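Structural characterization, general
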Amino acid sequence: MLVDRFGRRARKLRISVTDRCNFRCVYCMPEEAEFKDRAELLTYEEIERVTRVAVQLGIEKVRLTGGEPLVRRDVERLVERLVSIPGLRAVSMTTNGYFLPAKAAALKRAGLSGINISLDTLDRDRFVLLTRRDYLREVLAGIGAAVAAGLEPVKVNMVVMRGYNDDEVETFAAQARSRALVVRFIEFMPLDNGSVWNESLVVPAHEIIARVQAVAPLEPVEHDKSDPARRWRFKDGQGEIGVIASVTEPFCGHCDRLRLTADGKLRNCLFALDEYDVRAVLRGGGSDADIAAVFSEAVANKWAGHLINREGFVKPERTMHAIGG
Ligand code: SF4
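This section reports on the structure supplied with the text. (Residues numbered from 1 in each chain as written. Predicted model: local features only at pLDDT ≥ 70, side-chain atom pairs only at ≥ 80, totals over all residues. Heavy atoms only, no water.)

Another point: the sheet that holds strand β12 (residues 276-277). Ordered in space as β7-β8-β9-β6-β5-β4-β3-β2-β1-β10-β11-β12, the twelve strands form an open sheet in which the pairing is mixed. Looking along the sheet, the strands with just one partner apiece sit at the ends: β7 (218-221) and β12. Relative to strand β3 (residues 90-95), strand β2 (residues 61-65) runs parallel, the two sharing four bridges. Within β3, the residue paired with Val62 across the bridge is Val91. (Pairing = 2+ DSSP bridges. Helix = DSSP H or I, 4+ residues; strand = E, 2+ residues; numbered from the N terminus.)

Structure, rendered in structure tokens:
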């Protein structure tokens with residue numbers, strides 16, 4: 001098992017299948033982003049092999065991320081490969097939703113269980129401002145396609161940024177009440193390319209909850225402490241929300257996540273400054289035991305948690321699109 005110095009056991013692996021994306025969200029990447037060459041990215045066969053080793057080490061769940069995972073061709077084939085690994089309990093995905101009208105049914109058939117769709121505004125002009133793309137209609141259609149395909153649970157992730165979209169918190173909460181989806185509010189994290197994030201733009205979780213309570217009374221829902229989101233349901237039973245308070249109420253003490261970047265680097269934390277090269281082992285003729293050793297080393301060196309807003313915080317070199325959320 002992969003247990004770190006703080007007694008936390010790694011159970012979840014987030015796998016970025018590409019650093020590319022068809023959006024240009026201002027808090028994620030610059031307009032002119034640089035991407036890895038195709039040859040630098042792990043192949044589906046390599047991702048499957050690494051995941052098989054990870055499952056033998058106790059990893060139970062995989063989440064596919066990007067960039068935008070669905071810009072890579074035939075991701076449903078990778079899903080099929082991964083869900084067939086004995087011991088892997090679930091394969092889910094985080095996406096911007098744009099390709100879901102075309103892909104949702106195929107992902108469902110492939111065995112995908114659960115999908116998170118990133119959406120930060122319901123206003124078209126603001127969508128263009130935040131993503132530098134005019135695709136709000138496509139994303140809304142994508143949410144509908146995910147629900148229709150039965151990719152449960154369908155969660156909508158909203159990054160709340162003061163002065164950008166925080167006036168829509170109540171509108172998104174109302175969405176969670178009227179539709180079969182969960183809305184999760186995410187505190188704005190410093191993983192942009194340095195051009196946007198500052199502490200004053202962070203809307204703290206307690207403020208978000210207070211504002212949603214104004215929509216309708218909430219009650220807490222029991223949840224696994226290792227899950228990033230704290231959950232609430234509306235007392236009148238209609239819908240659920242989640243809040244991910246990474247900045248103001250860090251949950252690192254229960255962290256059970258590791259990340260594999262699209263170019264095969266293992267990260268033991270979203271904000272990690274060190275990486276462990278799995279691709280070099282794969283392409284250097286290494287054995288499964290050698291791959292397992294990389295996992296063990298990464299976990300053995302995992303720190304207690306991020307230092308955002310504290311002395312010593314250093315922003316990672318990679319921006320969000322090259323880590324995969
Ligand atoms: S910041 Fe790092 S240690 Fe903390 S919860 Fe996120 S991944 Fe885990």
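Of the residues making up helix α3 (residues 100-110), those classed as buried are Leu100, Lys103, Ala104, Ala106, Leu107 and Ala110. Each element contacted by the buried residues of α3 is listed here: α2 (75-83), β3, β4 (115-118) and α5 (136-149). Gly111 lies just past α3 and shows a positive phi near 110 degrees. (Buried < 20%, exposed > 50% of the residue type's maximum accessible area, 1.4 Å probe, protein only. Contact = heavy atoms within 4.5 Å.)

The subject of this paragraph is unusual backbone geometry. Cis rather than trans, the peptide bond between Gly66 and Gly67 has omega equal to 5 degrees. Mapped onto the fold, Gly67 is located in the loop between β2 and α2. Going from Glu152 to Pro153, the amide bond is cis rather than trans, its omega being -10 degrees. On the secondary structure map, Pro153 appears in the loop between α5 and β5 (154-160). For Asp74, which is not glycine, the phi dihedral falls at a positive 55 degrees. Along the chain, Asp74 turns up in the loop between β2 and α2.

On to the environment of Val17. With respect to the helices and strands, the residue Val17 is situated in the loop between β1 (12-16) and α1 (44-56). In this structure the C-alpha to C-alpha distance between Val17 and Trp232, which are 215 residues apart in sequence, comes to 31 Å. With sequence-adjacent residues up to four places away left out, Val17 is seen in contact with Leu41, Ile47, Leu64, Thr65, Pro69, Arg72, Leu78 and Ala262.

Time to look at the site of the ligand. Within the structure, the ligand sits among Phe251, Cys252, Cys255, Arg257, Arg259, Cys269, Leu270, Phe271 and His306. Here the shell around the ligand is built from residues that sort into six nonpolar, one polar and two charged. (Near = heavy atom within 4 Å. Nonpolar A, V, L, I, M, F, W, Y, C, P; charged D, E, K, R; others polar.)

Attention now moves to the pattern of salt bridges. Counted according to the given criterion, the structure contains 31 salt bridges. With a closest N to O distance of 3.6 Å, Arg211 and Asp166 form a salt bridge. Remark: Asp166 occurs in the loop between β5 and α6 (169-178) and Arg211 occurs in helix α7 (residues 205-213); sequence separation between them is 45 residues. Among the residues examined, Asp166 registers a relative accessible area of 13% and is labelled buried. (Salt bridge = Lys/Arg side-chain N within 4 Å of Asp/Glu carboxyl O.)

Where β7 meets strand β8 (residues 230-234), four bridges bridge the pair, whose relative direction is antiparallel. Note that in β8 the partner of Glu219 across the bridge is Arg233. By the bridge criterion, four bridges tie β8 to strand β9 (residues 240-244) in an arrangement that is antiparallel. Residue pairing across strands places Arg231 opposite Gly242, the latter belonging to β9. The turn linking β8 back onto β9 is made up of five residues, and Gly237 within it adopts a positive phi angle of 80 degrees.

Before going further, it helps to examine the packing of aromatic side chains. In the structure shown here, the tally under the stated rule is seven aromatic pairs. Arranged with centres 5.9 Å apart and planes meeting at 75 degrees, the rings of Tyr27 and Phe188 form a pair that is edge-to-face. Of this pair, Tyr27 sits in the loop between β1 and α1 while Phe188 sits in the loop between β6 (182-187) and α7, and the two are 161 residues apart along the sequence. Residues Tyr27 and Phe188 agree in their burial class; the two are buried. Ring centres of Phe271 and Phe313 lie 6.0 Å apart, and the angle between their planes is 70 degrees; this geometry places the pair in the edge-to-face category. Remark: Phe313 occurs in the segment after α9 (288-300) and Phe271 occurs in the loop between β11 (265-267) and β12; sequence separation between them is 42 residues. (Phe/Tyr/Trp six-rings, centres within 6.5 Å; stacked < 30°, edge-to-face > 60°.)

Core analysis: the largest hydrophobic core is formed by 105 residues, its most contacted members being Leu13, Leu64, Phe185, Leu266 and Phe295. If we ignore the near neighbours within four places in the chain, the residues touching Leu266 are Leu13, Leu258, Arg259, Leu260, Glu275, Tyr276, Val278, Val294, Phe295 and Ala298. (Core = buried A, V, L, I, M, F, W, Y, C linked by side-chain atoms within 4.5 Å.)

A separate point is the side chain of Glu240. Looking at where Glu240 falls in the secondary structure, it is placed in strand β9. Among the residues examined, Glu240 registers a relative accessible area of 18% and is labelled buried. Here Arg231 takes part through its side chain, which lies 2.6 Å from a polar atom of the side chain of Glu240. Discounting chain neighbours no more than four positions away, the residues touching Glu240 are Ala176, Leu181, Val182, Val183, Arg231, Trp232, Arg233 and Phe234. (Polar contact = N/O pair within 3.5 Å; in protein donor to acceptor, adjacent residues only side chain to side chain.)

Relative to the helices and strands, Thr261 is located in the loop between β10 (257-260) and β11. Not counting the four nearest positions on each side in its chain, Thr261 is found in contact with Ser16, Arg267, Glu275, Arg318 and Ala322.

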